[in-house]
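What the coordinates show
Okay, here's what each chain looks like letter by letter:
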Amino acid sequence: MTDPKPRSGADLGRTLADFSVPSEPGNERLAMETVAETAKNLGFSGENLERLKTAVAEATMNAMEHGNHYRPELPVELQVLATDQDLLVRITDRGSGPPPKEDADAPDLEAKLEGIQTPRGWGLFLIKSMVDEMNITGDEGHHTVELVVHLGAEGGK
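What counts and what doesn't
- Residues numbered from 1 in each chain as written.
- Predicted model: local features only at pLDDT ≥ 70, side-chain atom pairs only at ≥ 80, totals over all residues.
- Heavy atoms only, no water.
- Buried < 20%, exposed > 50% of the residue type's maximum accessible area, 1.4 Å probe, protein only.
- Helix = DSSP H or I, 4+ residues; strand = E, 2+ residues; numbered from the N terminus.
- Arc of directions from axis to C-beta.
- Contact = heavy atoms within 4.5 Å.
- Core = buried A, V, L, I, M, F, W, Y, C linked by side-chain atoms within 4.5 Å.
- Pairing = 2+ DSSP bridges.
- Axes fitted to C-alpha atoms, helices over the stretch in contact; angles between N-to-C directions.
- Expected span 1.5 Å × (residues − 1).
- Left-handed = near helix turned anticlockwise from the far one by under 90°.
- Nonpolar A, V, L, I, M, F, W, Y, C, P; charged D, E, K, R; others polar.
- Parallel < 35°, antiparallel > 145°, perpendicular 65-115°, else oblique.

1. Re helix 4 (residues 123-130)
Taken as a whole, helix 4 has its buried residues at Gly 123, Ile 127 and Met 130. For helix 4, the arc enclosing every buried residue in end-on projection is 65°, short of the 170-degree limit, so these residues lie on one face. As for helix 4, its buried residues are in contact with helix 2 (46-67), strand 4 (133-138) and strand 5 (143-150).

Put into structure tokens, the structure is as follows:
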């Protein structure tokens, strides 16, 4: 797997899992469960684990759909890393062009219901609300969404 751009100034930590899934609907569940099993070993449970699973599944679905256009021969690559302070999950697709904007406006429920906004577009908003930090990077051949959950007494957000 190519090494996505790490967080600036961050200790790269230790790799706990490094795997890929084909870009086919349903494989987000495999990615989610694999990350969840790894996170359980760090003490994640309950609501914190469910929030992480939701973020991983949504980010993986986005990578399969928007980055790889559901082409099974283009895998979504996932890395799970741990530092002393954080659990990091990197989800990388083979998308081209600029990466999505992580600071896009929050979806407006009323505007969506009235048809002013598309009913889609909740993904990044949802992901960002499930983790402590979300970083998006990209280059001419890859997009990476990095999910960060701070470790500590609460095991995350």
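2. Let's talk about the nonpolar core
The biggest cluster of nonpolar side chains holds 29 residues, and the ones touching the most others in it are Val 35, Leu 52, Leu 78, Val 89, Ile 91 and Leu 147. Elements that contribute at least two residues to this core include exactly strand 1 (14-22), helix 1 (27-40), helix 2, strand 2 (75-82), strand 3 (86-93), helix 4, strand 4 and strand 5. Considering each element in turn, this core owes the most residues, seven residues, to helix 2. When neighbours within four sequence positions are excluded, Val 35 is seen to be in contact with Phe 19, Leu 52, Val 56, Leu 78, Val 80 and Val 89.

3. Some thoughts on the sheet that holds strand 3
Within the open sheet, the five strands sit side by side as 1-2-3-5-4. Their pairing is antiparallel. Strand pairing shows two members of the sheet lacking a second neighbour, strand 1 and strand 4, which therefore form its edges. Along the sheet, successive strands turn relative to each other by an average axial angle of 15°, direction set aside. Sheet strands in contact with helix 1 are strand 1, strand 2 and strand 3, and its direction is about 165° off that of strand 1.

4. What about helix 1?
Taking 1.5 Å of rise per residue, 14 residues should cover 20 Å, and helix 1 covers 20 Å from first to last C-alpha, within 8% of that figure. Those residues of helix 1 that are buried lie in contact with strand 1, helix 2, strand 2 and strand 3.

5. Thoughts on the pairing of strand 4
Pairing between strand 4 and strand 5: six bridges, direction antiparallel. Residue pairing across strands places Glu 133 opposite Val 148, the latter belonging to strand 5. Counted between consecutive antiparallel strands, the loop separating strand 4 from strand 5 contains four residues.

6. Some points on the packing of helix 1 against helix 2
As a packed pair, helix 1 and helix 2 sit with axes 8 Å apart at the nearest point and diverge in direction by 145°. The interaxial crossing formed by helix 1 with helix 2 has right-handed handedness. On the side of helix 1, the interface is formed by Asn 27, Glu 28, Ala 31, Met 32, Glu 33, Val 35, Ala 36, Ala 39 and Lys 40, while helix 2 contributes Leu 49, Leu 52, Lys 53, Val 56, Ala 57, Thr 60, Met 61 and Met 64. Taken together, the residues of the contact of helix 1 with helix 2 break down into eleven nonpolar, two polar and four charged.

7. Some remarks on the packing of helix 2 against helix 4
One can describe the packing of helix 2 onto helix 4 by two numbers: an axis separation of 8 Å at closest approach and a directional angle of 150°. Classified by the angle between their axes, helix 2 and helix 4 sit roughly antiparallel to one another. Where helix 2 crosses over helix 4, the handedness of that crossing is left-handed. For the pair helix 2 and helix 4, contact is made by Arg 51, Thr 54, Ala 55, Glu 58, Ala 59 and Asn 62 and by Gly 123, Leu 124, Leu 126, Ile 127, Ser 129 and Met 130, respectively.

8. What to know about the side chain of Glu 58
Tracing the backbone through its elements, the reader meets Glu 58 in helix 2. Among the residues examined, Glu 58 registers a relative accessible area of 18% and is labelled buried. For Glu 58, the residues in contact, after removing those within four places along its chain, are Gly 123, Leu 126 and Ile 127.

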